[in-house]
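Analysis of the macromolecular model
Chain by chain, the residues:
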Amino acid sequence: CGVQVLNAWQAQPLAAERVHEEIKAKLVLDGVREEILSEQVIEDIKVRTCFVTKQSRANALRNGEELQHCPDVEYPVHGADVIKIPGLLRETAFEVLFPEDNDHLGLAYIIIDAILKCPVDTRKDLAENILLIGGTSSVMGMKPRLRDELVKLIQSDYYKERLYVNEVKFHS
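On a predicted model such as this, the values are computed, not experimentally measured, just so you know. (Residues numbered from 1 in each chain as written. Predicted model: local features only at pLDDT ≥ 70, side-chain atom pairs only at ≥ 80, totals over all residues. Heavy atoms only, no water.)

Concerning helix H5 (residues 107-116)
The element H5 is extensively covered by neighbouring structure, given that 8 of its 10 residues are classed as buried. Here H5 has its buried residues at Leu107, Ala108, Tyr109, Ile110, Ile111, Ile112, Ala114 and Ile115. Residues of H5 that are buried in the fold lie against helix H6 (120-127), strand S3 (130-131), helix H7 (142-154) and helix H8 (157-163). (Buried < 20%, exposed > 50% of the residue type's maximum accessible area, 1.4 Å probe, protein only. Helix = DSSP H or I, 4+ residues; strand = E, 2+ residues; numbered from the N terminus. Contact = heavy atoms within 4.5 Å.)

What about the packing of aromatic side chains?
Summed over the entire model, instances satisfying the criterion amount to 2 aromatic pairs. For the pair Tyr109 and Tyr159, a centre-to-centre distance of 6.5 Å together with 50° between the ring planes defines the contact as tilted. Of the two residues, Tyr109 is situated in helix H5 and Tyr159 in helix H8; the sequence distance between them amounts to 50 residues. Like Tyr109, the residue Tyr159 is buried in the burial classification. Ring geometry for Tyr158 and Tyr159: centres 4.8 Å apart, planes at 90°, overall edge-to-face. Its relative accessible area of 47% is what places Tyr158 among the partly exposed residues. According to the relative accessible area criterion, Tyr159 is buried, its value standing at 5%. Through a chain of ring-to-ring contacts, the aromatic side chains of Tyr109, Tyr158 and Tyr159 assemble into a single cluster. Sitting above the plane of the Phe98 ring, Arg145 keeps its charged end 4.3 Å from the centroid. One Lys or Arg, Arg162, reaches over the ring of Tyr158 and ends 3.9 Å from the middle of that ring. (Phe/Tyr/Trp six-rings, centres within 6.5 Å; stacked < 30°, edge-to-face > 60°. Lys NZ or Arg CZ within 6 Å of the ring centre and 35° of its normal.)

Observations regarding the packing of helix H1 (residues 15-29) against helix H2 (residues 39-49)
It is at 10 Å that the axes of H1 and H2 come closest, and there the two elements cross at 95°. Judged on the interaxial angle alone, H2 and H1 are roughly perpendicular. Contacts from Ala16, Val19, His20, Ile23, Lys24 and Leu27 of H1 reach H2 at Glu39, Ile42, Glu43, Ile45 and Lys46. The residue makeup of the contact of H1 with H2, split by class, is 6 nonpolar, 1 polar and 4 charged. (Axes fitted to C-alpha atoms, helices over the stretch in contact; angles between N-to-C directions. Parallel < 35°, antiparallel > 145°, perpendicular 65-115°, else oblique. Nonpolar A, V, L, I, M, F, W, Y, C, P; charged D, E, K, R; others polar.)

Regarding the environment of Arg90
Tracing the chain through its elements places Arg90 in helix H4 (residues 87-92). Taking the relative accessible area as the measure of exposure, Arg90 reaches 14% and is therefore buried. Separated by 44 residues in sequence, Arg90 and Lys46 place their C-alpha atoms 8.0 Å apart. Excluding residues that lie within four positions of it along the chain, Arg90 makes contacts with Thr49, Cys50, Phe51, Cys70, Pro71, Val73 and Ile85.

Some remarks on the nonpolar core
Residues Ile23, Leu27, Ile83, Phe94, Leu146 and Leu150 are the most contacted members of the largest nonpolar core, which totals 43 residues. Elements that contribute at least two residues to this core include exactly H1, H2, strand S1 (73-77), strand S2 (81-85), H5, H7 and H8. (Core = buried A, V, L, I, M, F, W, Y, C linked by side-chain atoms within 4.5 Å.)

Below is the structure:
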């Protein structure tokens, strides 16, 4: 016997596409020729060079604090060209999934709001059995960052009085 929670299902459609757009836009802005930035090249840059930074670093970068960035890397393309991937881009490419805005459309909000739509007696079990799927979910730093974002939300006054959840756990 189970409880149907299909009406609570949510997704962040095209998350990888948003990350790709971010990488491409910043590289083009840095002077990289757009014609060498195929989807395959951008995907490879994302997977091989980028990562999800810690919440504290992301907040500091948003606030304009001067931080030492991770090293730039050189990415060879088609044997002839080399793209310099700036350290700042490497650690901020995935920030599009964690926006700090009033729309609350970030990944953590989507997960918490889906749990909130479920019956109260199922919320604890759901929060402790979050299944992450897709290539973006396996990016270095994603699980710790998402966990930090979710914990921050469930401890906030707004969600604490509605969710009745104390911790989150992931499966993949």
